[in-house]
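Listed below, chain by chain, are the residues.
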Amino acid sequence: MPLLLRKYMKNNHFKAESFFKSQGYARNGIKLIFRNERNFRIDIFIAVLVIIAGFLFKISHYDWIALSLVISMVFMSEVINSAIEALCDTVSQDFKINIKYAKDVSAGAVLVSAFVSVVTGLIVFLPYLIDFAKNFLL
């Protein structure tokens, strides 16, 4: 490791002392986002419904992969958006156009990931719903 990097890491007071402490910080972050962010709780509720539907329709392994990727994408974008908003609010309490831009763009990323997940959900579940409707109604 380069000397300059070692010096920086030695003086970094925010660096976790061990792997287990860093895991504790990560778990704390998940608790905080769950407790403080309504949209994250809504995302979890919808993800649970999708997972239940996946079990009920006995979707394929490939469908599970697609759903798990888009579900995690929505979770990650929501978490990153919340972090950006908290940081922006800490940096400036006053209206600044760059702060507004950062917050709007990060919220837009959440919207894009949610849209992609809905489209993916339709692609995955529509064939199962059509088969279910054919068998149930005919």
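Refer to the structure above for everything that follows.
Residues numbered from 1 in each chain as written. Predicted model: local features only at pLDDT ≥ 70, side-chain atom pairs only at ≥ 80, totals over all residues. Heavy atoms only, no water.

Undergrad: Explain the overall build of the chain here, please?
TA: When helices and strands are tallied, the chain shows 5 helices and 0 strands. Along the chain, from the amino end to the carboxyl end, the secondary structure elements read α-α-α-α-α. Across the 138 residues of the chain, 21% fall into the buried class. Across the chain, the fraction of contacts at a sequence separation of at least 24, relative to all contacts at a separation of at least 6, is 63%. Carbon and sulfur atoms form 71% of the exposed surface of the chain, whose accessible area is close to 10900 Å². (Helix = DSSP H or I, 4+ residues; strand = E, 2+ residues; numbered from the N terminus. Buried < 20%, exposed > 50% of the residue type's maximum accessible area, 1.4 Å probe, protein only. Contact = heavy atoms within 4.5 Å. Areas by Shrake-Rupley, 256 points an atom, 1.4 Å probe, with all protein chains shown as cover.)

Undergrad: Sorry if this is basic, but what is going on with the nonpolar core here?
TA: Proteins that are soluble and globular tend to have nonpolar side chains buried together. In this structure, Ala53, Ile59, Leu67, Val124, Phe125 and Tyr128 together form the largest nonpolar core, which totals 6 residues. When residues of this core are assigned to their parent elements, the largest contribution, 3 residues, is made by helix α5 (residues 97-137). (Core = buried A, V, L, I, M, F, W, Y, C linked by side-chain atoms within 4.5 Å.)

Undergrad: Please explain helix α3 (residues 38-57) as it appears in this structure.
TA: In an α-helix, one turn spans 3.6 residues; hence positions three or four apart end up facing the same way. With 20 residues, α3 should reach 28 Å at 1.5 Å per residue; the first-to-last C-alpha distance of 29 Å fits that figure. Within the sequence span of α3, burial applies to Phe40, Asp43, Ala47, Ala53 and Gly54. Taken down its axis, α3 places every buried residue within 140° of arc, on the same side. Exposed side chains of α3 directed beyond 90 degrees from the buried face belong to Arg38, Phe45, Phe55 and Leu56. On its buried face, α3 is in contact with α2 (19-36), α4 (61-91) and α5. (Expected span 1.5 Å × (residues − 1). Arc of directions from axis to C-beta.)

Undergrad: What exactly am I supposed to notice about α4 here?
TA: Under the 1.5 Å per step criterion, the end-to-end length of α4 is 45 Å for 31 residues, consistent within 8% with the ideal 45 Å. Taken as a whole, α4 has its buried residues at Asp63, Leu67, Val70, Ile71, Val74, Ser77, Glu78, Asn81, Ser82 and Cys88.

Undergrad: Which parts of the structure should I look at to understand a nonpolar patch on the surface?
TA: A cluster of nonpolar side chains, contributed by Ile42, Phe45, Ile46, Val48, Leu49, Ile52 and Leu56, occupies part of the molecular surface with about 680 Å² of accessible area. Considering the arrangement of structural elements, one finds Val48 in helix α3. (Patch = residues over 30% accessible without salt bridge, like charges linked within 9 Å, V, L, I, M, F, W, Y side chains within 5 Å. Salt bridge = Lys/Arg side-chain N within 4 Å of Asp/Glu carboxyl O.)

Undergrad: Would you take a moment to explain the pattern of salt bridges for this structure?
TA: One pass over the structure, following the stated rule, counts 2 salt bridges. Close ionic contact of Lys103 with Asp89 constitutes a salt bridge, the shortest N to O distance being 2.7 Å. You can see Lys103 sitting in helix α5 and its partner Asp89 sitting in helix α4, a full 14 residues away along the chain. The class for Lys103 is partly exposed, based on a relative accessible area of 23%. Note that Lys100 and Asp104 form a salt bridge whose closest N and O atoms lie 2.5 Å from each other. Note that Lys100 and Asp104 are positioned in helix α5 at a spacing of 4 residues, about one turn of the helix.

By themselves, these figures tell us nothing about what the structure is for.
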